[in-house]
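# Summary of the model geometry
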Amino acid sequence: MKLRVKLFATLRNGRFDIKEMELPDECKVLDLIKLLKIDQKDAAIIFINGIHGDFDSLLKENDEVSIFPPVGGG
Amino acid sequence: MDKILRIDMGAPGGPKVKVDGLGSYAGLGGRALTSMIVATEVDPMANPLGAENKLVIAPGLLSGTAAAMSGRISIGCKSPLTGGIKEANAGGQPAQVLARLGYAAIVLEGNAPEGKLYKVYINKEGVKIEPADDYKMLPNYDLIDKIKASYGDKVACISIGPAGEMKLSAASIACTDMEFRPTRHAGRGGVGAVMGAKGVKVIILDDSGLQNREPKDPEKFREANKKWVDGLRSHSVTGTALPTYGTNVLSNIINESGGFPTRNFKEGKFEGVSAISGETFADIETKRGGNPTHGCHRGCVIRCSGIYVDKNGNYLTKQPEYETVWAHGANCGIDDPDTIAMLDYLDDNYGLDTIDMGAAIGVAMEAGIIPFGDKEGAINLIKEVGKGSYLGRIIGSGAAVTAKVFGVERAPVVKGQAMPAYDPRAIQGIGVTYATSTMGADHTAGYCIATNILKVGGFVDPLKPEGQVELSRNLQIATAAVDSTGMCLFIAFAILDQPETFQALIDMINAFYGLNLDADGVADLGKKVLKAERDFNKKAGFTAAHDRLPKYFYTEKLPPHNVVFQVTDEELDSVFNF
Ligand code: SF4
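Residues numbered from 1 in each chain as written. Chains lettered and ligands numbered in written order. Predicted model: local features only at pLDDT ≥ 70, side-chain atom pairs only at ≥ 80, totals over all residues. Heavy atoms only, no water.

## Side note on the overall build of chain A
Scanning chain A from terminus to terminus reveals one helix and five strands. C-alpha extents for chain A along the principal axes are approximately 35 × 25 × 20 Å. Counting over 74 residues, chain A shows a buried share of 54%. For chain A, contacts bridging at least 24 residues in sequence account for 51% of all contacts bridging at least 6. A distance of 5 Å separates the average location of the 11 positive side-chain charges in chain A from that of its 13 negative side-chain charges. (Helix = DSSP H or I, 4+ residues; strand = E, 2+ residues; numbered from the N terminus. Buried < 20%, exposed > 50% of the residue type's maximum accessible area, 1.4 Å probe, protein only. Contact = heavy atoms within 4.5 Å. Lys, Arg positive; Asp, Glu negative; His and termini not counted. Charge placed at Lys NZ, Arg CZ, Asp CG, Glu CD.)

## Regarding the packing of helix α1 (residues 30-41) of chain B against helix α22 (residues 519-539) of chain B
Residues and elements named next belong to chain B. Where α1 contacts α22, the axes come no closer than 9 Å and their chain directions differ by 30°. Relative to α22, the crossing made by α1 is left-handed. For the pair α1 and α22, contact is made by Arg-31, Ala-32, Ser-35, Met-36, Val-38 and Ala-39 and by Leu-525, Lys-528, Val-529, Leu-530, Ala-532, Glu-533 and Phe-536, respectively. (Axes fitted to C-alpha atoms, helices over the stretch in contact; angles between N-to-C directions. Left-handed = near helix turned anticlockwise from the far one by under 90°.)

## So, unusual backbone geometry
Residues and elements named next belong to chain B. The linkage connecting Pro-559 with the following residue, Pro-560, adopts the cis geometry, with an omega of 10°. The phi dihedral of Asn-562 falls on the positive side, at around 50°, and the residue is not glycine. Note that Asn-562 resides in the loop between α23 (552-555) and α24 (569-572).

## Concerning the pairing of strand β5 (residues 85-90) of chain B
Residue and element names in this part refer to chain B. Counting buried residues in β5 gives five out of six residues, a clear majority hidden from the surface. As judged from the six bridges shared by strand β4 (residues 73-78) and β5, these two strands associate in the antiparallel manner. Paired with Cys-77 across the bridge in β5 is Lys-86. In this antiparallel pair of consecutive strands, β4 and β5, the connection spans six residues, and Gly-83 shows a positive phi of 80°. (Pairing = 2+ DSSP bridges.)

## Points about the pattern of salt bridges
Tallied over the full model, the rule gives 45 salt bridges over all chains. Between A:Glu20 and A:Arg4 there is a salt bridge, with the nearest N and O atoms lying 3.7 Å from each other. Taken as a pair, A:Glu20 in strand β2 (residues 18-22) and A:Arg4 in strand β1 (residues 2-7) lie far apart in primary sequence, 16 residues in all. Salt-bridge contacts for B:Asp20 lead to B:Arg6; the nearest nitrogen and oxygen are separated by 2.8 Å. On the criterion of sequence distance, the pair formed by B:Asp20 in strand β2 (residues 16-21) and B:Arg6 in strand β1 (residues 3-8) is long-range, its members being 14 residues apart. A relative accessible area of 9% means that B:Arg6 is categorised as buried. Three or more residues are tied together by salt bridges with common partners; here these are B:Arg6, B:Lys18, B:Asp20, B:Glu41, B:Lys54 and B:Glu109. (Salt bridge = Lys/Arg side-chain N within 4 Å of Asp/Glu carboxyl O.)

## Digging into the site of the ligand
For the ligand, the full set of nearby residues is B:Met69, B:Arg72, B:Gly295, B:Cys296, B:His297, B:Cys300, B:Ile302, B:Arg303, B:Cys304, B:Cys488 and B:Phe490. Class assignment for the residues of the shell around the ligand results in seven nonpolar, two polar and two charged. (Near = heavy atom within 4 Å. Nonpolar A, V, L, I, M, F, W, Y, C, P; charged D, E, K, R; others polar.)

## A word on the sheet that holds strand β15 (residues 315-318) of chain B
All names here are of chain B. Strand order across the open sheet formed by three strands is β13-β14-β15, with antiparallel pairing between neighbours. The sheet is open, and its two edges are formed by β13 (291-294) and β15, each paired on a single side. The mean inter-strand angle of the sheet, taken between neighbouring strand axes irrespective of direction, is 25°. Alignment of β13 against strand β14 (residues 305-309), held across two bridges, turns out to be antiparallel. Pairing of His-294 across the sheet is with Ser-305, part of β14. Across the face of the sheet, helix α12 (residues 337-350) comes into contact with β14 and β15 while running at roughly 75° to β15.

## Some thoughts on the environment of B:Arg100
For B:Arg100, the location among the structural elements is in helix α2 (residues 94-100). Beyond its immediate chain neighbours, meaning those up to four positions away, B:Arg100 contacts B:Gly64, B:Asp207, B:Leu210, B:Gln211 and B:Asn212.

## Describing the domain arrangement of chain B
Residues and elements named next belong to chain B. Taken domain by domain, chain B comprises domain 1 (3-205) and domain 2 (257-421). Summarising the inter-unit geometry, the C-alpha centres of domain 1 and domain 2 are found 25 Å apart. At the interface, 36 residues of domain 1 touch 36 residues of domain 2. Summed over both sides, the interface between domain 1 and domain 2 buries roughly 3,000 Å², with carbon and sulfur atoms accounting for 52% of that surface. Considering only the surface of domain 1 that becomes buried against domain 2, Met-69, Met-178 and Arg-188 emerge as the three largest contributors, covering 22% of it. Connecting domain 1 to domain 2 are three salt bridges. Here Arg-188 and Asp-356 are joined by a salt bridge, their closest N and O atoms 3.3 Å apart. Linking domain 1 to domain 2 there are 24 residue pairs in polar contact (both at pLDDT 80 or more). Put simply, the parts of the chain that give the side of domain 1 that touches domain 2 at least two residues each are α3 (140-151), α4 (162-165) and β11 (184-186). For the side of domain 1 that touches domain 2, the class distribution of residues is 13 nonpolar, 15 polar and eight charged. (Domains from an automatic or database assignment. Buried area = accessible area lost by both parts, 1.4 Å probe. Polar contact = N/O pair within 3.5 Å; in protein donor to acceptor, adjacent residues only side chain to side chain.)

## Thoughts on the pairing of β1(B)
Summarising the sheet, β1(B) and strand β6 (residues 103-109) of chain B pair through six bridges and their orientation is parallel. Opposite B:Lys3, over in β6(B), you have B:Tyr103 as the bridge partner.

## Comments concerning the packing of aromatic side chains
Residues and elements named next belong to chain B. Counted by the stated rule, this structure contains 18 aromatic pairs over all chains. Taking the centre distance of 5.3 Å and the plane angle of 25° together, the rings of Tyr-121 and Tyr-151 count as stacked. Taken together, the residues Tyr-121 in strand β7 (residues 118-123) and Tyr-151 in helix α3 connect sequence positions 30 residues apart. Seen from their ring centres, Tyr-422 and Tyr-447 are 5.7 Å apart, and the 80° between their planes marks the pair as edge-to-face. (Phe/Tyr/Trp six-rings, centres within 6.5 Å; stacked < 30°, edge-to-face > 60°.)

## Description of helix α5 (residues 191-198) of chain B
Residues and elements named next belong to chain B. Counting buried positions over the eight residues of α5 gives eight, a clear majority of the element. Looking at α5, one finds that the buried residues are Val-191, Gly-192, Ala-193, Val-194, Met-195, Gly-196, Ala-197 and Lys-198. Looking at the residues trailing α5, positive phi occurs at Gly-199, about 85°.

## Details of the environment of A:Leu58
All names here are of chain A. Mapped onto the fold, Leu-58 is located in the loop between β4 (51-53) and β5 (64-68). Along the chain, Leu-58 and Val-29 lie 29 residues apart, while their C-alpha atoms are 6.6 Å from each other. In contact with Leu-58, not counting residues within four places along its chain, are Glu-26, Cys-27, Lys-28 and Asp-63.

## Quick notes on the side chain of B:Ser35
Structurally, the position occupied by B:Ser35 is in helix α1. Setting aside its immediate chain neighbours within four residues, B:Ser35 contacts B:Ile85, B:Val529 and B:Glu533.

Shown next, in the form of structure tokens:
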């Protein structure tokens, strides 16, 4: 299945900002994170189509996944 | 810090200085002190610009000590913007210097006769007040240049620009930073207008010959401060994210969440976000020879700020905060960092709240005064404020007034104060804080974004009403306490996640004052402050009807999630049940 993956802040270092990716069906967020070689503790905030997800969230065709390291501001 | 400096600006024959003991205010600092003085001494029915109002300037309990992060200052009064009690908080150097000078607070009382303007100079010898006619209508940067020429750059200043002198209700009070620039503002609620009404252009603080304040138990204090700093450095938000990208790291994440208010709160996502994100700003600052990691005061170890330079590498402004980038960016449909930085500079120079200015321009754009996305037009509107034209004075009075004057129904304000950079429909917890805070719409009063979006201190689903009241209540109590310590609120990211870091903060206060405070004691202080503020507002005429969002947030769906604000009135009315 095709996905659009967006990375932010320090996660972009050595990777990418935004990328269309091809993943096997039945993939979870955790599989994607492993594939991108992102440390689990560095994937603090995950959105799937703008809704909060977690490592166990199941991905589907055409999803947009955004991954952030721990961040704060205000 | 065992005295209160009172200056009666309206005394017959000119300003009169009086130094008081702390009396019943002993043990209070920052917001606790400003709010207690205002609640005790100002008639809630007073006109905010009248002689009965008081402007209270107070460093925090730990300001002027070696404690890291302790340089925040609280400025309180009855607000000309909201008509309720106000505490506006700023960084910069003044808190540390004022605390070292030994003052727990400066209280400006009475109003100088119309047309009179003064400067106040304070050093270890005492207080000198002189006419400042040659400073009249000077913007903040020009003012500070003049002061540098006469007093050097080792002093710290608290000043107003033309907006404060014109008593506009979105006027801020500027505090100078480490480079002696007027970049750190007590922005909200029109505190600058009250300083203008008092007739004080600038307070110059000189701590030469003075040392840090000494703790009662230096050994324990040093130990606790070390644990404190270690805790802040090791937490990923305070140790990495904030120093690297500053507060504007939020643009992307709030946009992804669908709660990034765009074009006067019409949509929750901005197509131009990437051009104005914290990642982009940090990149520009590095490439042009600015600096993305910089503290707003000495002793800050998080250093969320930075220096923004123009295309030629010349200083333009400090790194604009997330709120500013959003207000002048997405909210106005503007996706150009240089324009946003220029607007930040102009706001600082004229002495204006960047949030209410961005919101006012958004409203003016909706009214068709200029189109959304008009960069030049936005800059010109702020320049109008500096000129004091009628149009400028309307904009400079904030979003609520601008909406009234131009007949715009969609005014994103609560208690007259503009909402900051989070749409309460897509992030419902912050909506509870906006609606119920004693300050009017204010994100810092109970920063539910931490738990709704950033997963700090747990997680509460931002799109649902469940759990939001409790979240906002607890954060409002904790914030009222933190605001009293002089600590920067960004320490909250570390103390919400790391109990040992919270303990280190309590240990520091105890070691400094020889107290036995515990976590419950800290919460009790927060509750006491909130109760005094609520009580003041009630006597000033606020009812449950004022603790609501504007109607359209309950009826107009916000894309992309197509949600409305769902927390019920009954729930909102239970926030202060403690
Ligand atoms: S973290 Fe940022 S706002 Fe807080 S004291 Fe440091 S520079 Fe100032």
